[in-house]
Amino acid sequence: MKCIIASDFHLKYYETEEDKQRRNIIEQFLTSLIGNTDCLILAGDIFDLWAEWDNVIIKQYFSVLNIFFNLKKAGCRLVFLSGNHDFWLDGFLSENIGFEIYQDDFCDTINGKKIFVSHGDLYTKNDIRYQIFRRIIRTTFVKKIFRIIHPDISLRFGHLMSRSSRSRKDSIQLIKQKENGLIQKATNLSINKDYIIMGHSHRPLKIQINNSVYINSGDWIKNYTYCIINDSTIDLLKFDPI
Ligand SMILES: [Mn+2]
């Protein structure tokens, strides 16, 4: 059984030329999986922002959503874990495309190996303020407020929010601290999991912890990396576009 795990595409709805090129590479990658992949697990921050209304989805995501739909039609199991950018999921991905949706963690046994997948934002550090913020922003109440406003206006606002959070450059020390939080979580899990996979740090990594393997799936802004489970092996690979 072939299982692919990827995270942090950060697909945008207001695209620069660079974003378009990135999306082309991501679409090439996803298309290459159709018909030869049994399971695709998306481990968060696939969309730079996800929102949907009773009758509306974001049209700029159409081409990628179409590839997911074709993957599903070709018999691929689809799993979607929310990240810290795409959590207001309201049924489109599950009902119209066929994703299984998970808000925090995903555990399963694949090829006889116990796997744990999570985006990672919950585990970067012991940050109570973030955990409270995370809980509040995911409530139906906040989601409804965002949805009351016309999509063209609320999405512009969402774009500004996402841009300002990105322009806040984290220091090397903070990045290291985040990465260490993920490794710490992986170490705790290594007692009863074979493969532990997370994203969020945007820094691809594969290390052995006790008898387990911890992989960080990296990102599709700089690294274009993904994780593959084939038979009884796990690997971290880089996608080479044509
Ligand atoms: Mn993230």
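> Let's hear about the pattern of salt bridges: which residues, and what values?
Applying the stated criterion across every chain, the model contains 15 salt bridges. With a closest N to O distance of 2.9 Å, glutamate 27 and arginine 23 form a salt bridge. Here arginine 23 and glutamate 27 lie together in helix H1 (residues 17–32), a separation of 4 residues that amounts to about one turn. Of the residues examined, glutamate 27 reaches a relative accessible area of 13% and is grouped as buried. When the shortest N-O distance is used, the salt bridge between glutamate 100 and arginine 77 registers 2.7 Å.

> Report on the packing of aromatic side chains, specifying residues and quantitative values.
Under the definition given, this model contains 21 aromatic pairs. Ring plane angle 35 degrees and centroid distance 4.6 Å describe the contact between phenylalanine 29 and tryptophan 220, whose orientation is recorded as tilted. Here the residue phenylalanine 29 occupies a position in helix H1, and tryptophan 220 occupies one in the loop between strand S9 (212–216) and strand S10 (225–230), the gap between them amounting to 191 residues. Comparing phenylalanine 29 with tryptophan 220, the two get one shared label, buried. Seen from their ring centres, phenylalanine 47 and phenylalanine 80 are 6.2 Å apart, and the 20 degrees between their planes marks the pair as stacked. Residue phenylalanine 47 is found in the loop between strand S2 (39–43) and helix H2 (62–73), and its partner phenylalanine 80 is found in strand S3 (residues 77–81); the two are separated by 33 residues along the sequence. Residue phenylalanine 47 is classed as buried on the basis of its relative accessible area, which comes to 0%. By relative accessible area, which is 0% here, phenylalanine 80 ends up buried.

Procedures and definitions
- Residues numbered from 1 in each chain as written.
- Predicted model: local features only at pLDDT ≥ 70, side-chain atom pairs only at ≥ 80, totals over all residues.
- Heavy atoms only, no water.
- Salt bridge = Lys/Arg side-chain N within 4 Å of Asp/Glu carboxyl O.
- Helix = DSSP H or I, 4+ residues; strand = E, 2+ residues; numbered from the N terminus.
- Buried < 20%, exposed > 50% of the residue type's maximum accessible area, 1.4 Å probe, protein only.
- Phe/Tyr/Trp six-rings, centres within 6.5 Å; stacked < 30°, edge-to-face > 60°.

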